[in-house]
Amino acid sequence: MSLPLQGLSAIVTGAGRGLGRAEARELARLGAAVVVNDYGQPGRDGTGEASAGPAEQVAAEIRERGGRAVAHTGDVADLRQAEELVGLAVAEFGALDVLVNNAGILRDRMVFSMTEDEWDSVIRVHLKGHFNTTRFAAAHWRERSKAAGGPVYGRIVNTSSEAFLAGSAGQPNYAAAKGGIVGLTTSTALALAKYGVTANAICPRARTRMTEDVFAGFGRPDEGLDPLAPEHVAPLVGYLASPAAARINGQLLVVHGGMIAAMERPRVQAKFDSKQETFTYDELDALLTPHYARRPPGETFAAAEVLGLKRA
């Protein structure tokens, strides 16, 4: 039986645990050969001794199930190591077809207490890490397209977060990085479309090492699959990596617990025109103050109602 990703190769970053592990296993189940990337640090804040163990273990799991997989233990936030990662996929499998960017860390703090290192480290791993791998994957696809004289196969799936969509008071670094990833995704989608490459982003919700505090109040069911299990997210990643998703490009999808919400780009909520050459303070006060007075205190421009989870 033919599998949707048969004959394709993929990279999944941060694939030693949690979401990345589930995504790598799903891509392999659908037929892809997978490079399992994970730096292997034990702390979710990016601390501790790097280890080959997590990546090697997931690669071994895939091979035990009859799939093809190799491990890569480099730091995707380092430009040269990201280049080596893409090079490994090409050397092992002949080409790179799918890139899933998932690697990340957390260093939570309120904005008035956050240190420079806490800001820089999270931006580096999430946003720069996404850029680094995308940069070399994009160059690979561009060269293949030139050689082929037309479009080639390429898929990018990036990992954003509802922290960007709905706000997260104690995560200004994480929310900013995840918002940046959406901007990177839409720019990449436009730039690479002519080469046959799509780029989309997901906002996953899952119970992992990264989110154990966030979901501490959400109980696990006594029977059946946990609504917050990473296995709810992985099928969407597999689908976006497939030929069936060729017309999906530059999109943002929220996914968790058997639910997918396709997000719209921000729309104009209201429009105000000046009655003279330019606005005056008094005119702005008369137009904007009553408009925002009707909105609930603290409401952000993005809706959080798509989530729908209830605490146990």
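Structure: see above.
Residues numbered from 1 in each chain as written. Predicted model: local features only at pLDDT ≥ 70, side-chain atom pairs only at ≥ 80, totals over all residues. Heavy atoms only, no water.

Asks: Tell me what's going on with the nonpolar core, and back it up with residues and numbers.
Replies: Ranked by internal contacts, the top residues of the largest apolar core, which has 31 residues, are A24, L27, V34, V36, I62 and I202. If you list the elements that add at least two residues to this core, you get β1 (9–12), α1 (18–29), β2 (33–37), α2 (53–64), β4 (98–100), α7 (234–240) and β7 (252–256). (Core = buried A, V, L, I, M, F, W, Y, C linked by side-chain atoms within 4.5 Å. Buried < 20%, exposed > 50% of the residue type's maximum accessible area, 1.4 Å probe, protein only. Helix = DSSP H or I, 4+ residues; strand = E, 2+ residues; numbered from the N terminus.)

Asks: Could you give an account of the packing of α1 against α2, with specific residues and numbers?
Replies: One can describe the packing of α1 onto α2 by two numbers: an axis separation of 10 Å at closest approach and a directional angle of 25°. Taken together, the axis directions place α1 and α2 in an arrangement best described as roughly parallel. When the axes of α1 and α2 are compared, the crossing they make is right-handed. Taking contact as the criterion, the partners of R21, A24, R25 and A28 in α1 are, on α2, V58, E61 and I62. Grouping the constituent residues of the contact of α1 with α2 by class yields four nonpolar, no polar and three charged. (Axes fitted to C-alpha atoms, helices over the stretch in contact; angles between N-to-C directions. Parallel < 35°, antiparallel > 145°, perpendicular 65-115°, else oblique. Left-handed = near helix turned anticlockwise from the far one by under 90°. Contact = heavy atoms within 4.5 Å. Nonpolar A, V, L, I, M, F, W, Y, C, P; charged D, E, K, R; others polar.)

Asks: Run through α1, naming residues and quoting values.
Replies: Between its first and last C-alpha, α1 extends 17 Å over twelve residues, near the 16 Å set by a 1.5 Å rise per residue. The set of residues buried in α1 consists of L19, G20, A22, E23, A24, E26, L27 and A28. Backbone geometry just after α1 places G31 at a positive phi near 110°. (Expected span 1.5 Å × (residues − 1).)

Asks: Tell me about the sheet that holds β1, residues and numbers included.
Replies: Strand pairing in a sheet relies on backbone hydrogen bonds. The paired strands run either parallel or antiparallel. Sheet architecture is open: eight strands sit in the order β3-β2-β1-β4-β5-β6-β7-β8, paired in mixed fashion. The open sheet has two edge strands, β3 (69–72) and β8 (259–262), and neither has a second partner. The average undirected angle you get between the axes of adjacent strands in this sheet is 20°. Here β4 pairs with strand β5 (residues 154–159) via three bridges, running parallel. By the bridge assignment, L99 is partnered in β5 with I156. (Pairing = 2+ DSSP bridges.)

Asks: Give a detailed account of the pattern of salt bridges, specifying residues and quantitative values.
Replies: Counted under the stated rule, the structure contains 13 salt bridges. A salt bridge links R21 to E61, with the nearest nitrogen and oxygen atoms 3.3 Å apart. Of the two residues, R21 sits in helix α1 while E61 sits in helix α2, which places them 40 residues apart along the sequence. Classification of R21 by relative accessible area gives partly exposed; the value is 27%. Owing to a relative accessible area of 11%, E61 belongs among the buried residues under this scheme. Between R205 and E162 there is a salt bridge, and its shortest N-O distance comes to 3.3 Å. (Salt bridge = Lys/Arg side-chain N within 4 Å of Asp/Glu carboxyl O.)

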